[in-house]
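Fold and geometry: a report
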Amino acid sequence: MIPYGRQDITQDDVDAVISALRSDFITQGPAIEGFEKALSGYCGVGHGIAVCNATAALHIAYEALDVGPGDLVWTVPNTFAATANAARFLGAEVDFVDIDLNTRNMSLPALELKFAAAVKTGRLPKLVTPVHFAGLSCDMKPIAELCRSYGAKVVEDASHAVGGAYRGHKVGSCDYSDVTVFSFHPVKIVTTGEGGMAMAADAGIAERMALLRTHGITRNPGWMRGESEGPWYYEMLDLGYNYRITDIQAALGTSQLKRLDHYVARRNAIADVYDAAFSDCGIGLPGRMDGAYSAFHLYTVHWPDGLGGHSRRSAFAAMRALGIGVNVHYIPVHRLPYYADLGFRAGQFPNAEAHYQQAISLPMFPTLTDDELSRVIKVVIALAEGRG
Ligand SMILES: *Cc1c(COP(=O)(O)O)cnc(C)c1O
């Protein structure tokens, strides 16, 4: 089976992990800061706070931006549940903004309409979290301008988009957001096994996230309320978590980052081959956007119902049966039973639902060989043309 995504671990990665294992620090050592500096430098942003996964990064980002009980957080339904769940951890309410069916990202007109309606009811969001689906940046400049005009803060869920760019800057620069979050789960662009990082330009927000990462405890005399009582002394200033990443993982992350540009270039080359191969077989291709360089975490096509005699479900099953490990991204979050219990209904976000009904994510990872790529294309075209 050719999987839809797969990590790439080289001998350099293995060596980096072994030297971290043999060092004095297995966690909370210098490799974590090294990883943070490497990625914040790459993104051109002041701060990176590395944590145990992107869900934790979203949680501390939302909390550092003062999201709390009764606040409202808006995101899109076309995402992984964690984007919304992090707001629920803090007792906030979640609502959704529909997507654009071409980019599959947050729709600017839908956001405009939602703000206009929210002003009338007085229920404005404290925070809006656009998601860079499949690695393509949302149109962040107008989104951020709109959010700021209504007093809302912005977090970018860039779990799919490390290595991508928008308007000439890397995703993660935080040009148009308060915090940008990355994931290093093995199916994402670079991996630390489990891991995530929250990028921020503002030092105060970064400090708050760093504090929340380690129980709310500080050993920094500059942050303490009282005088230090000795070298053992620390203060707990806030109720935080243990969301640390290990030095072992950070060493792997730093080693992986060296190949980030190469990975994203290969992902783009694969996407170009898919685009050309599928240009007139009836399937819907991922939208592009001027001014954005996608990291192509995913290559998700739309299978119109009945194409080649197949429903999406039967096309999916046929691909799996033929050794193509396809997947579906995403079941709209508002349709998950937990969110349905909160009052969300089918039909509320028609574009996210229409996307889900047609979505098939094809194999997309940098070590996909040209032979495997040809095999995927052959199978997909045969099915679309009713020959399978
Ligand atoms: C993977 C993912 C997350 C969660 O990442 P973890 O590191 O697994 O916690 C959040 N949002 C999106 C869009 C994701 O794809």
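Placed above this text is the structure.
Description of the structure in this document.

Thresholds applied
- Residues numbered from 1 in each chain as written.
- Predicted model: local features only at pLDDT ≥ 70, side-chain atom pairs only at ≥ 80, totals over all residues.
- Heavy atoms only, no water.
- Helix = DSSP H or I, 4+ residues; strand = E, 2+ residues; numbered from the N terminus.
- Buried < 20%, exposed > 50% of the residue type's maximum accessible area, 1.4 Å probe, protein only.
- Contact = heavy atoms within 4.5 Å.
- Areas by Shrake-Rupley, 256 points an atom, 1.4 Å probe, with all protein chains shown as cover.
- Pairing = 2+ DSSP bridges.
- Axes fitted to C-alpha atoms, helices over the stretch in contact; angles between N-to-C directions.
- Polar contact = N/O pair within 3.5 Å; in protein donor to acceptor, adjacent residues only side chain to side chain.
- Near = heavy atom within 4 Å.
- Nonpolar A, V, L, I, M, F, W, Y, C, P; charged D, E, K, R; others polar.
- Parallel < 35°, antiparallel > 145°, perpendicular 65-115°, else oblique.
- Left-handed = near helix turned anticlockwise from the far one by under 90°.
- Core = buried A, V, L, I, M, F, W, Y, C linked by side-chain atoms within 4.5 Å.

**What to know about the overall build of the protein**
Within the protein one finds 13 helices and 14 strands. Its C-alpha atoms give the protein principal-axis dimensions of about 75 × 60 × 40 Å. A buried classification covers 56% of the 388 residues belonging to the protein. A sequence separation of at least 24 residues applies to 73% of the contacts in the protein between residues at least 6 apart. A total of about 16000 Å² of accessible surface is found on the protein, and carbon and sulfur atoms cover 54% of it.

**Brief notes about the sheet that holds strand E5 (residues 153-157)**
Strand pairing in a sheet relies on backbone hydrogen bonds, with the paired strands running either antiparallel or parallel. Pairing is mixed across the open sheet formed by 7 strands, whose spatial order is E1-E9-E8-E5-E4-E2-E3. Of all strands in the sheet, those with a lone pairing partner are strand E1 (47-51) and strand E3 (93-96), marking the two edges. Each adjacent strand pair in this sheet contributes to an overall mean axis angle of 20°, direction not counted. Bridge count between strand E2 (residues 72-75) and strand E4 (residues 127-129): 3 bridges; the pairing is parallel. Counted as the bridge partner of Val73 is Leu127 from E4.

**A short note on the pairing of E2**
Regular strands have side chains that alternate between both faces of the sheet. Residue alternation in E2 divides its side chains into two sets, Leu72 and Trp74 and Val73 and Thr75, and both sets are buried. Relative to E3, E2 runs parallel, the two being bridged by 4 bridges. Its bridge partner being in E3, Thr75 is matched across the sheet by Phe96.

**Quick notes on the side chain of His329**
With respect to the secondary-structure elements, His329 resides in the loop between helix H10 (312-321) and helix H11 (337-341). A distance of 2.7 Å separates a polar atom in the side chain of His329 from a polar atom in the side chain of Ser361. When near neighbours in sequence (up to four residues on either side) are disregarded, His329 contacts Tyr4, Asn78, Phe133, Leu298, Thr300, His355, Ala359 and Ser361.

**Observations concerning the site of the ligand**
Looking at the ligand, there are 14 residues lining it, with Ala54, Thr55, Asp157, His160 and Lys188 nearest. Separating an oxygen atom of the ligand from a side-chain N or O atom of Thr55 is a distance of 2.6 Å. Here an oxygen atom of the ligand and a side-chain polar atom of Ser183 are 2.8 Å apart. Considering the ligand on its own, with 390 Å² of exposed area, one finds that the protein chains cover 93% of that surface. Here the shell around the ligand is composed, by residue class, of 4 nonpolar, 8 polar and 2 charged.

**A closer look at helix H3 (residues 54-64)**
Counting buried positions along H3 gives 10 out of 11 residues, so the element sits mostly inside the fold. Along H3, the positions that sit buried rather than exposed are Ala54, Ala56, Ala57, Leu58, His59, Ile60, Ala61, Tyr62, Glu63 and Ala64. A distance of 3.1 Å separates the backbone nitrogen of Thr55 from a side-chain oxygen at the start of H3, and that oxygen is part of Asn53. Just downstream of H3, Asp66 is the residue with a positive phi angle, here 70°.

**Brief notes about the packing of H3 against helix H4 (residues 82-89)**
Two elements in contact, H3 and H4, have axes separated by 9 Å at closest approach and are oriented at 45°. The orientation of H3 with respect to H4, classified from their angle, is oblique. At the point where H3 passes H4, the crossing takes the right-handed sense. For the pair H3 and H4, contact is made by Thr55, Leu58, His59 and Tyr62 and by Ala82, Thr83, Ala86, Ala87 and Phe89, respectively.

**Some remarks on the side chain of Ser40**
Topologically, Ser40 is positioned in helix H2 (residues 30-43). Discounting residues that sit within four places of it in the chain, Ser40 has contacts with Val45, Gly46, His47, Gly48 and Met199.

**So, the nonpolar core**
Within the largest apolar cluster, 63 residues are counted, with the highest numbers of intra-cluster contacts made by Tyr62, Leu111, Val155, Val179, Val181 and Met209. Take this core: its biggest share by element is 8 residues, from H3. Ignoring anything within four residues of it in the chain, the contact list for Leu111 reads Trp74, Val97, Met106, Val128, Ile143, Leu146 and Cys147. By size, the runner-up hydrophobic cluster in this structure holds 31 residues, among which are Ile2, Cys281, Ile377 and Ile381.

**Regarding the environment of His302**
Mapped onto the elements, His302 comes out in strand E13 (residues 299-302). For His302, the residues in contact, after removing those within four places along its chain, are Leu101, Arg104, Ile283, Gly284, His355, Gln358 and Ala359. A polar contact is formed between the side chain of His302 and the side chain of His355, at a distance of 2.7 Å.

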